[in-house]
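Each chain is listed here by its residues.
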Amino acid sequence: MPVTPKDAAAVILLKNPADPLVFWVQRNPKLAFMGGFHAFPGGQVDKADPSVPVLNAADEENATMRACAARELFEETGVLLAKNASAPPPAASVSSNRPSRERLEARRRALANDEVSFNSILEEHGLQIDANSMIAAGRWVTPPFAPRRFDTWFFLAWLPEGQEPTIESGELIHGEWIRPADALERWMREPVILAPPTLYIIRTLAATSPDLDESARALVAIPESKRGIVRRIESRPGIFFFPVKTPTLPPATHTNCYLVGGEEMIVIDPASPYEEEQQELDRFIDGLMTEGRRIREIFLTHHHPDHIGGANHLSQRLNVPVAAHPLTASRVSHVVRIDRTVQDRELIELKGDPGWRLRALYTPGHTRGHLCFYDEVSGSVMTGDLVVGLGTVVIDPPEGNMRQYFDSLKRLLAFERLTALFPAHGPAIGSARFKIEEYIAHRTMREERILEAVRSGTGLPHEIVPLAYTDVAPAMYGLAERSTVAHLEKLEEDGRIERFDGGYRVSSEA
């Protein structure tokens, strides 16, 4: 079942009306949600936000969301969008008759430590939030496939006179002022990764006049900004992913079909066997083709049903070939027509700006014929099921092999330029190296727990699982047992354990 979105708010902070600059931030790569992404300051509603008075709000909901936006902006940047309670509303900025910067920073730290409330800070200094200082700029809902979802209100606001944002390392690692057009160029040329709302907003600001009201009208005119379903997701230039419903393993409900390139494009994993989802993907691809793009070929990362379900349909509809690793081809040839096989390190070059050089990488472990696709231009990787954005990767022998899985993860780490991961399930990952290292550390921890169970005299896989997977719900023990078998096979290959009486024991040579 899709996750229910939580209410959230963000501020598109601007300064210099004659030549507007927008303030964007980079999220900490270690964050589970949107780690490494560039975004706007914001966060989810706090239980105290509805109690914060807001002048000129249309209703309680509008008041709460503006209170949330103002609080989050203050917490993350130190900028306080509030005016003196007795002062008339300013025309283009918020009143500068306020506490000193040093005093505000002290209260900001106190708020972060839960020593004071946001409302008490306002009351202490005779300040009040005015809804007129934050112009509504749309509501964006995280797509249903994501493990965490938000219904986010965006607000445009000018930087208050005499203030300047500062970032304290924590959830955010960096913030800067930038012209919207320059932000777009950075996204095109550098390892910047954006969620759909940020990209749409930056593009709209770059294309509109400096007038805040005109920008707001353009932003709320975007169909997806009215709580619509976001289907066109392009977190890096020319890397589109289109989540489709598939018969996959929970907690995933969708598999991401990727379309990569510019003038020439390839499709990776047209995954859904459901006619309705295939039609949705058809419409999306038709839209890309009306922009002058051409689909050249279809690639499969591996043979699992939730990755190949729509391959025949799309191949026949577009009259394009299907390619896969030889081991995958041999597994699916009875259900999918494979036109050619893909060898390790094959280069797929695609025309367009900024250009794409996809290197096919043989990455077994999850399956024997698994492929990833590494873009040498951007450092992005389409990971298939080697790394996923939610849930866990099941290594199920004999098709799955834990040693190969470790080696495949380490193979990705060997690339000097490694910026973003685009998995088959869940959202894009903007902290590629950190995520892969986290995977390796987690699997190593699990292996040590399994070895510890064997040392304690527990030698059968189903008996080991409750000892080694104490953080996993019993409902998932069946899948955990399959991965346990994979770990045991690797430990046996390593010479650390040996088979004994139908199970395992510590090796006599260890």
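Note that the structure is a prediction, hence the values are computed from the model and not measured. (Residues numbered from 1 in each chain as written. Predicted model: local features only at pLDDT ≥ 70, side-chain atom pairs only at ≥ 80, totals over all residues. Heavy atoms only, no water.)

Some words on the overall build of the chain
Move 1: The number of helices and strands found in the chain is 14 helices and 24 strands.
Move 2: The dimensions of the chain, computed from C-alpha atoms along their principal axes, are 80 × 60 × 40 Å.
Move 3: Residue pairs in contact within the chain that sit at least 24 positions apart in sequence constitute 65% of those at least 6 positions apart.
Move 4: Carbon and sulfur atoms make up 50% of the accessible area of the chain, which amounts to about 21,300 Å² in all.
Move 5: Looking at charge distribution, the chain has the averaged site of its 56 positive side-chain charges lying 2 Å from that of its 70 negative ones. (Helix = DSSP H or I, 4+ residues; strand = E, 2+ residues; numbered from the N terminus. Contact = heavy atoms within 4.5 Å. Areas by Shrake-Rupley, 256 points an atom, 1.4 Å probe, with all protein chains shown as cover. Lys, Arg positive; Asp, Glu negative; His and termini not counted. Charge placed at Lys NZ, Arg CZ, Asp CG, Glu CD.)

Remarks on the pairing of strand 21 (residues 380-384)
Move 1: Most of strand 21 is tucked away, with 5 of its 5 residues classed as buried.
Move 2: Residues Ser380, Met382 and Gly384 point to one face of strand 21 and Val381 and Thr383 to the other, with burial holding for every one of them.
Move 3: Here strand 20 (residues 371-375) pairs with strand 21 via 2 bridges, running antiparallel. Bridging across to strand 21, Tyr374 finds its partner in Val381. (Buried < 20%, exposed > 50% of the residue type's maximum accessible area, 1.4 Å probe, protein only. Pairing = 2+ DSSP bridges.)

Things to note about helix 1 (residues 60-77)
Move 1: Taking 1.5 Å of rise per residue, the 18 residues of helix 1 would be expected to cover 26 Å, and the 25 Å separating its terminal C-alpha atoms lies within 8% of that figure.
Move 2: A distance of 3.2 Å separates the backbone nitrogen of Glu61 from a side-chain oxygen at the start of helix 1, and that oxygen is part of Asp59.
Move 3: Looking one or two residues past helix 1, Gly78 carries a phi angle of roughly 80 degrees, positive in sign. (Expected span 1.5 Å × (residues − 1). Polar contact = N/O pair within 3.5 Å; in protein donor to acceptor, adjacent residues only side chain to side chain.)

Describing the nonpolar core
Taken as a class, soluble globular proteins show a tendency for nonpolar side chains to be buried jointly.
Move 1: Within the largest apolar cluster, 57 residues are counted, with the highest numbers of intra-cluster contacts made by Ile12, Leu156, Val260, Met382 and Phe422.
Move 2: Those residues in contact with Met382, other than ones at most four positions away along the chain, are Ile239, Tyr258, Val260, Ile268, Leu358, Cys372, Phe373 and Phe422.
Move 3: Membership of the second largest hydrophobic core comes to 37 residues, among which are Leu21, Ala67, Ala69 and Phe118. (Core = buried A, V, L, I, M, F, W, Y, C linked by side-chain atoms within 4.5 Å.)

Points about the sheet that holds strand 11 (residues 233-236)
Move 1: As summarised here, the arrangement of the 7 strands in space is 11-12-13-14-15-16-17, forming an open sheet in which the pairing is mixed. Unpaired on one side and paired on the other, strand 11 and strand 17 (340-341) mark the two borders of the sheet.
Move 2: Two elements, strand 12 (residues 239-245) and strand 13 (residues 254-261), share 7 bridges in a ladder whose sense is antiparallel. The residue of strand 13 that forms the bridge with Pro243 is Asn256.
Move 3: Taken strand by strand, helix 7 (residues 275-290) contacts strand 12, strand 13, strand 14 (264-268) and strand 15 (294-299), and its axis lies near 160 degrees from that of strand 12. (Axes fitted to C-alpha atoms, helices over the stretch in contact; angles between N-to-C directions.)

Side note on helix 14 (residues 477-493)
Move 1: The first and last C-alpha atoms of helix 14 sit 24 Å apart over 17 residues, in line with the 24 Å expected at 1.5 Å per residue.
Move 2: Along helix 14, the positions that sit buried rather than exposed are Ala480, Ser483, Thr484, Val485, Ala486, His487, Leu488, Lys490 and Leu491.
Move 3: Once helix 14 ends, the next one or two residues include Gly495, with phi positive near 80 degrees.

Details of the pattern of salt bridges
Move 1: Tallied over the full model, the rule gives 43 salt bridges.
Move 2: Measuring nitrogen to oxygen at the nearest pair gives 3.1 Å for the salt bridge that ties Glu105 to Arg108. Here Arg108 and Glu105 lie together in helix 2 (residues 101-112), a separation of 3 residues that amounts to about one turn. Like Glu105, the residue Arg108 is buried in the burial classification.
Move 3: Between Arg331 and Glu399 there is a salt bridge, with the nearest N and O atoms lying 2.6 Å from each other. (Salt bridge = Lys/Arg side-chain N within 4 Å of Asp/Glu carboxyl O.)

Re the packing of aromatic side chains
The description of two aromatic rings rests on the distance between their centres and on the angle between their planes.
Move 1: One pass over the structure, following the stated rule, counts 13 aromatic pairs.
Move 2: Centroid distance Phe241 to Phe422: 6.4 Å. Interplanar angle 65 degrees. Geometry classified as edge-to-face. Of this pair, Phe241 sits in strand 12 while Phe422 is found in strand 22 (residues 420-423), placing the two residues 181 residues apart along the sequence.
Move 3: One aromatic cluster in this structure is built from Phe145, Phe241, Tyr258 and Phe422. (Phe/Tyr/Trp six-rings, centres within 6.5 Å; stacked < 30°, edge-to-face > 60°.)

Points about a negative patch on the surface
Move 1: A surface patch of like charges, here negative, comprises Asp7, Asp59, Glu60 and Glu61.
Move 2: Of note, Asp59 is situated in the loop between strand 5 (54-55) and helix 1.
Move 3: Relative accessible area serves as the criterion here: at 38%, Asp59 is assigned to the partly exposed category. (Patch = residues over 30% accessible without salt bridge, like charges linked within 9 Å, V, L, I, M, F, W, Y side chains within 5 Å.)

Topic: the packing of helix 4 (residues 180-189) against helix 5 (residues 196-207)
Move 1: Taken N-terminus to C-terminus, the directions of helix 4 and helix 5 make an angle of 135 degrees; their axes are 8 Å apart at the nearest point. Looking at the two axes, helix 4 sits oblique to helix 5. As helix 4 packs across helix 5, the resulting crossing turns out to be left-handed. On helix 5, the residues that touch Pro180, Ala181, Ala183, Leu184 and Trp187 of helix 4 are Leu199, Ile202, Arg203, Leu205 and Ala206.
Move 2: Grouping the constituent residues of the contact of helix 4 with helix 5 by class yields 9 nonpolar, no polar and 1 charged. (Parallel < 35°, antiparallel > 145°, perpendicular 65-115°, else oblique. Left-handed = near helix turned anticlockwise from the far one by under 90°. Nonpolar A, V, L, I, M, F, W, Y, C, P; charged D, E, K, R; others polar.)

Observations regarding the sheet that holds strand 20
Move 1: Spatially, 18-19-20-21-22 is the arrangement adopted by the 5 strands of the open sheet, whose pairing is mixed. Looking at which strands have only one partner, the edges of the open sheet turn out to be strand 18 (347-350) and strand 22. For this sheet, the mean angle separating the axes of adjacent strands, direction not counted, is 20 degrees.
Move 2: Alignment of strand 18 against strand 19 (residues 356-362), held across 4 bridges, turns out to be antiparallel. Bridging from a neighbouring strand, Ile348 pairs with Leu358 of strand 19.

Re unusual backbone geometry
Move 1: For the peptide bond that leads from Pro250 to Pro251, omega is 10 degrees, which places it in the cis range.
Move 2: Within the element layout of this structure, Pro251 appears in the loop between strand 12 and strand 13.
Move 3: A cis amide bond links Asp353 to the next residue, Pro354, at an omega of 10 degrees.
Move 4: Here the phi dihedral of Met34 falls at roughly 55 degrees; this positive angle occurs in a residue that is not glycine.
Move 5: Here Met34 lies in the loop between strand 2 (21-27) and strand 3 (38-39).
Move 6: The phi torsion at Asp269 lies on the positive side, around 60 degrees, for a residue other than glycine.
Move 7: Along the chain, Asp269 falls in the loop between strand 14 and helix 7.

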